[in-house]
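# Results of the structural survey
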Amino acid sequence: MKVLVTGGAGYIGSHVVLELLDQGFDVSVLDDLSMGARENVDERAEFFLGSILNPEDNAKALEGVDAVIHMAAFKAAGESVENPEKYEKNNVGGTLTLLGSMLDHGIHRFVFSSSAAVYGDPQYLPVDEKHPVVPINPYGQTKLDIEGKLENSYSDRGIRFASLRYFNAAGYDILGRVRIPEAAPNNLLPIVMEAANGTRASLDVFGNDYETRDGTGVRDYIHVTDLAKAHILAVERLEKSSSFTINLGSEKGYSVQEVLDTARTVTGMPILANITGRRPGDPPKLVASSQKAKELLGWSTKHSDLESLISSMWEIYKPAEATF
Ligand code: UD1
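All values reported here derive from a predicted model rather than from experimental measurement. (Residues numbered from 1 in each chain as written. Predicted model: local features only at pLDDT ≥ 70, side-chain atom pairs only at ≥ 80, totals over all residues. Heavy atoms only, no water.)

If you trace the 3 strands from one edge of the open sheet to the other, you get 12-9-14, paired in mixed fashion. Where the open sheet ends on each side, the last strands, each with one partner, are strand 12 (254–255) and strand 14 (285–286). Bridging between strand 9 (residues 218–219) and strand 12 involves 2 bridges; their strand directions are antiparallel. Each bridged residue has a counterpart across the sheet, and for Arg219 the counterpart in strand 12 is Tyr254. (Pairing = 2+ DSSP bridges. Helix = DSSP H or I, 4+ residues; strand = E, 2+ residues; numbered from the N terminus.)

Attention now moves to the sheet that holds strand 3 (residues 46–49). Ordered in space as 3-2-1-4-5-6-11, the 7 strands form an open sheet in which the pairing is parallel. In the strand order of this sheet, the two ends are held by strand 3 and strand 11 (244–248), each with one partner. Sheet twist, expressed as the mean angle between neighbouring strand axes with direction ignored, is 20 degrees. Summarising the sheet, strand 1 (residues 2–6) and strand 4 (residues 67–70) pair through 4 bridges and their orientation is parallel. When the sheet's bridge partners are listed, Leu4 is paired in strand 4 with Val68. Along the sheet, helix 4 (residues 84–104) contacts strand 1, strand 4 and strand 5 (109–115); its crossing angle with strand 5, the most-contacted strand, is approximately 170 degrees. Contacts from helix 5 (residues 138–156) reach strand 5, strand 6 (160–166) and strand 11 within the one sheet, and its direction differs from that of strand 5 by about 155 degrees. (Axes fitted to C-alpha atoms, helices over the stretch in contact; angles between N-to-C directions. Contact = heavy atoms within 4.5 Å.)

Right, let's get into the site of the ligand. Lining the immediate surroundings of the ligand are 19 residues, of which Leu188, Asp204, Arg219, Arg279 and Asp282 lie closest. At 2.8 Å, a side-chain N or O of Ser115 approaches an oxygen atom of the ligand. At 2.7 Å from a nitrogen atom of the ligand is found a main-chain nitrogen or oxygen belonging to Asp204. Compared with its free state, where it exposes 730 Å², the ligand has 86% of that area covered by protein. Among the elements that make up the shell around the ligand, the one with the highest residue count is strand 8 (residues 203–206) (3 residues). Residues that form the shell around the ligand fall into these classes: 10 nonpolar, 5 polar and 4 charged. (Near = heavy atom within 4 Å. Polar contact = N/O pair within 3.5 Å; in protein donor to acceptor, adjacent residues only side chain to side chain. Areas by Shrake-Rupley, 256 points an atom, 1.4 Å probe, with all protein chains shown as cover. Nonpolar A, V, L, I, M, F, W, Y, C, P; charged D, E, K, R; others polar.)

The subject of this paragraph is the packing of aromatic side chains. Tallied over the entire structure, the rule returns 6 aromatic pairs. With a centroid separation of 5.9 Å and an interplanar angle of 55 degrees, the aromatic rings of Phe74 and Tyr87 are classed as tilted. Placement of the pair is Phe74 in the loop between strand 4 and helix 3 (77–82) and Tyr87 in helix 4, with a sequence separation of 13 residues. The two residues Phe74 and Tyr87 agree in class, both being buried. (Phe/Tyr/Trp six-rings, centres within 6.5 Å; stacked < 30°, edge-to-face > 60°. Buried < 20%, exposed > 50% of the residue type's maximum accessible area, 1.4 Å probe, protein only.)

What follows deals with the nonpolar core. Inside soluble globular proteins, nonpolar side chains tend to come together where they are buried. Among the nonpolar cores identified, the biggest contains 64 residues, and Val5, Leu20, Val27, Ile69, Leu189, Val192 and Leu248 are the most heavily contacted of them. Examining the composition of this core, we find that 8 residues originate from one element, helix 7 (residues 224–238), more than from any other. If we ignore the near neighbours within four places in the chain, the residues touching Leu189 are Ala170, Tyr221, Val259, Leu309, Ile310 and Met313. (Core = buried A, V, L, I, M, F, W, Y, C linked by side-chain atoms within 4.5 Å.)

Any functional reading would require information beyond the geometric quantities listed.
Put into structure tokens, the structure is as follows:
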């Protein structure tokens, strides 16, 4: 069976490609390399340089494909507030172009990278799939818009989809096969790694006066390989079942302070952190219920404890050992 991964050179995409290849799938990758790194695409995959916005690029990459895992998207919530058009054009417009190309090629299985950002501020915890969807930034809105179009117009046209709502993806391939870290990261764990290896002098902790156990924000970090495994299970399930939408999180909440403490232990580095004000739009706590994913897919997490997450990242971020 052959799967196309759009955005397969990106942080999550390159891990999904590895997991598919390891499990014996044939894999094509379509990526415009605006964010991803060519070196992170395993050489067993066939690589197409191109954009989902271009039907000709889609046509080439879709040749002989049975299912599509669509991960090509911009994901910086802050940037989406400043430049919503970029998100509308690429995330929504690009997805619709890709879906049109899939229909032209008679391909009907679609796994979509959605996000916990569709929920907005949590109204209760843990957040399950029945939680109201009220995104608080254009990025989350683009994910919700696509989910809506999949439910309505594309289901009618025969597309069977799995919408996977990721919580906070982190970690790197345990075998160290994804070597190039994300450029200019926005998320906490890569920023902590950059403060540990000296790429940046320090990091800011956005608030320590939340109603959480130590005052800092709590999130549900999920190892990217655990996340990747869920994509394979989703593709397989779509072969015989109808569309579904699931959360993918570890159901554990770790605070910024706990992340820092563990990172200092694992790396042996001081990691300088300054407490600053809260970041607008940040909820105090966001933790998933992933019961539905467990029941539907038989999915479970293996690497999503904080120490495994951070050790797998440090293998990539740690400075090269001096040679004498
Ligand atoms: C981010 C995205 C969100 C997306 C989610 C999962 C933003 C603003 N939000 O969520 O849309 O759905 O990833 O992909 O990009 N923190 C610091 N200092 C930093 C960076 C972060 O203290 O320099 C704190 C935050 O306040 C938060 C936690 O660390 O409490 C995690 O932040 P982050 O990694 O940015 O993820 P989210 O904001 O949860």
